[in-house]
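Reading the structure
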Amino acid sequence: GESVGLHLPTLSVQEGDNSIINCAYSNSASDYFIWYKQESGKGPQFIIDIRSNMDKRQGQRVTVLLNKTVKHLSLQIAATQPGDSAVYFCAENTGRRALTFGSGTRLQVQP
Amino acid sequence: GAVVSQHPSRVICKSGTSVKIECRSLDFQATTMFWYRQFPKKSLMLMATSNEGSKATYEQGVEKDKFLINHASLTLSTLTVTSAHPEDSSFYICSARVLSGTGGLETQYFGPGTRLLVL
């Protein structure tokens, strides 16, 4: 069935380095994507979103890239900080206005 | 940004009892809220869509008689786990749908979650 998934379950980076978290999706009809950050024991926190008519969007220290040709989404975090350690989920708008979540990538920032 | 609260943050109950979890949108009105369930180290699984003033829409495999959802106002949705059993122990998270800043598309903001432990 249609799904949203992530390539890497765990990503370990050094503090100050840039992080790239990837996500593959299979529903070509999806037109809206969101990245969430979830810290242990907390609910997901909205980071950044992107529509399918865009291929790049930037926020504060974060950039989301969308490649519709290969159905790939990535989240780039610049100058990664210890506070960025969390699980990151990509989510896809299914058209039912309910989100479908990927399996998540755990980001570990080493001091 | 939009703030969503949940209460309680954690609850321990005996098997066979019922537990009610509240989800509130604090600074906006939400005609639609969603309830998710999350197991340890797993992703979020949508349980149901809660619509203000109408019946909830449940995902396949979710028992509507076991997970009762009520969305009586534009700022409150409740999830009641009836006759709870240990396998119902999980992290329950609600979200509220809001208009995002990206061309008016609707995104979701999440509550902090409720940890349920059924003994």
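For the structure, check the block above.
Conventions and cut-offs
- Residue positions within a chain follow its written sequence, with the count starting from 1.
- Ligands are numbered from 1 and chains lettered from A, in the order in which they are written.
- In keeping with the predicted nature of the model, local features appear solely for residues at pLDDT of at least 70, side-chain atom pairs appear and are counted solely at 80 or more, and the whole-chain, interface and lining totals rest on all residues.
- Excluding hydrogens and water, the side-chain figures rest on all heavy atoms present in the structure.
- Helix and strand labels come from DSSP, where a helix needs a run of H or I of at least four residues and a strand needs a run of E of at least two; each type is numbered from the N terminus.
- The aromatic pairing rule takes the rings of Phe, Tyr and Trp, using the six-membered ring of Trp, and pairs them if the centres are within 6.5 Å, calling planes under 30 degrees apart stacked, those over 60 edge-to-face and the rest tilted.
- Only protein chains enter the accessibility calculation, which uses a 1.4 Å probe. A residue is then buried if its area is under 20% of the maximum for its type, exposed if over 50%, and partly exposed in between.
- At least two DSSP bridges between two strands are needed for those strands to be called paired.
- Only heavy atoms matter for contacts: two residues are in contact if any of them lie within 4.5 Å across the pair.

1. A look at the environment of A:Leu99
Looking at the element boundaries, A:Leu99 is found in strand β10 (residues 99–101). When the C-alpha atoms of A:Leu99 and A:Tyr32 are compared, they prove to be 9.7 Å apart, with 67 residues separating the residues in sequence.

2. Considering the packing of aromatic side chains
Under the definition given, this model contains 10 aromatic pairs over all chains. Taking the centre distance of 6.3 Å and the plane angle of 85 degrees together, the rings of A:Tyr36 and A:Phe46 count as edge-to-face. One end of the pair, A:Tyr36, is in strand β4 (residues 32–38); the other, A:Phe46, is in strand β5 (residues 45–51), with 10 residues separating them in the sequence. A ring pair is formed by A:Phe101 and B:Tyr36, whose centres lie 5.6 Å apart and whose planes are at 90 degrees; its orientation type is edge-to-face.

3. Digging into the pairing of strand β4 (residues 32–38) of chain B
Residue and element names in this part refer to chain B. Of all seven residues in β4, seven are buried; the element is thus mostly enclosed. The alternating pattern of β4 places Thr32, Phe34, Tyr36 and Gln38 and Met33, Trp35 and Arg37 on opposite faces, both of which are buried. Between β4 and strand β5 (residues 44–51), which pair antiparallel one after the other, the connecting turn spans five residues, and Lys41 there sits at a positive phi close to 60 degrees.

4. Some thoughts on the environment of B:Ile12
Residues and elements named next belong to chain B. Tracing the backbone shows Ile12 in strand β2 (residues 10–13). Between the alpha carbons of Ile12 and Leu117 there is a distance of 4.8 Å; along the sequence they are 105 residues apart. For Ile12, the contacting residues outside a window of four places in its chain are Leu117 and Leu119.

Fair warning: the whole summary comes from geometry, so function is off the table for now.
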